[in-house]
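Descriptive structure summary
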Amino acid sequence: MNHCCDSMERDLAQVCGQHADRFDCPDALITFNSETKRYGLIIHDGGSSAMTIAFCPWCGANLQSRGRTE
Ligand SMILES: [Zn+2]
Ligand SMILES: [Zn+2]
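Reading the values: rules and limits
- Residues numbered from 1 in each chain as written.
- Chains lettered and ligands numbered in written order.
- Predicted model: local features only at pLDDT ≥ 70, side-chain atom pairs only at ≥ 80, totals over all residues.
- Heavy atoms only, no water.
- Donors = N, O, S within 2.8 Å, 3.2 Å for Na, K, Ca; no water.
- Tetrahedral: all angles 85-135°; square planar, octahedral: opposite > 155°, others 65-115°.
- Helix = DSSP H or I, 4+ residues; strand = E, 2+ residues; numbered from the N terminus.
- Buried < 20%, exposed > 50% of the residue type's maximum accessible area, 1.4 Å probe, protein only.
- Patch = residues over 30% accessible without salt bridge, like charges linked within 9 Å, V, L, I, M, F, W, Y side chains within 5 Å.
- Areas by Shrake-Rupley, 256 points an atom, 1.4 Å probe, with all protein chains shown as cover.
- Salt bridge = Lys/Arg side-chain N within 4 Å of Asp/Glu carboxyl O.
- Pairing = 2+ DSSP bridges.
- Axes fitted to C-alpha atoms, helices over the stretch in contact; angles between N-to-C directions.
- Contact = heavy atoms within 4.5 Å.

The protein carries the name DUF6980 domain-containing protein in an unreviewed UniProt entry, which gives Terricaulis silvestris as its organism.

**Focus on the coordination of the zinc ion (ligand 1)**
In a perfect tetrahedron of four donors around a metal, the angles come out at 109.5 degrees. In a perfect octahedron of six, they are 90 or 180 degrees. Coordination of the zinc ion (ligand 1) by the protein is provided by Cys4 (SG), Cys5 (SG), Cys56 (SG) and Cys59 (SG), with metal-donor distances spanning 2.3 Å. Classification of the site at the zinc ion (ligand 1) rests on its four donor atoms, whose angles at the metal span 103 to 117°, yielding the label tetrahedral. Of note, the donors binding the zinc ion (ligand 1) are all from one chain and are spaced C-C-x50-C-x2-C. You can see Cys5 sitting in the segment before helix 1 (6-13) and its partner Cys56 sitting in the loop between strand 3 (50-53) and helix 2 (63-69), a full 51 residues away along the chain. We note that Cys5, like Cys56, is buried.

**Side note on the coordination of the zinc ion (ligand 2)**
All of the protein donors around the zinc ion (ligand 2) are Cys16 (SG), His19 (ND1) and Cys25 (SG); their distances to the metal are 1.9 to 2.2 Å. Spacing between the donor residues of the zinc ion (ligand 2) along the chain follows C-x2-H-x5-C.

**Overview of a nonpolar patch on the surface**
Together, Leu29, Leu41, Ile43, Met51 and Trp58 make up an exposed nonpolar region whose accessible area comes to about 410 Å². Along the chain, Ile43 turns up in the loop between strand 2 (38-42) and strand 3. Owing to a relative accessible area of 36%, Ile43 belongs among the partly exposed residues under this scheme.

**Side note on the sheet that holds strand 2**
Reading across the sheet, the three strands line up as 1-2-3 and stay open at both edges, with antiparallel pairing between neighbours. Strand pairing shows two members of the sheet lacking a second neighbour, strand 1 (30-33) and strand 3, which therefore form its edges. On average, each strand axis in the sheet is inclined to that of its neighbour by 35°, with strand direction left out of account. Taken together, the four bridges between strand 1 and strand 2 define a ladder with antiparallel strand orientation. Paired with Ile30 across the two strands is Leu41, which belongs to strand 2. Set on the sheet, helix 1 makes contact with strand 1 and strand 2; between it and strand 1 the angle comes to about 85°.

Below is the structure:
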């Protein structure tokens, strides 16, 4: 699936050598759930929580309407 912009693609594709789980990595900003088609902002509180976001923090694309149409 294509994401809204290069910055989003880069963040979701980035693999960190120090943190196997993206939720453990402070550099990982966004998580994407391919089942719900929802994007979330990773909350680095030591757990695996994320806050659903409606708009891309980089390009401002409406992420929720994208999810519904695809
Ligand atoms: Zn974007
Ligand atoms: Zn890391």
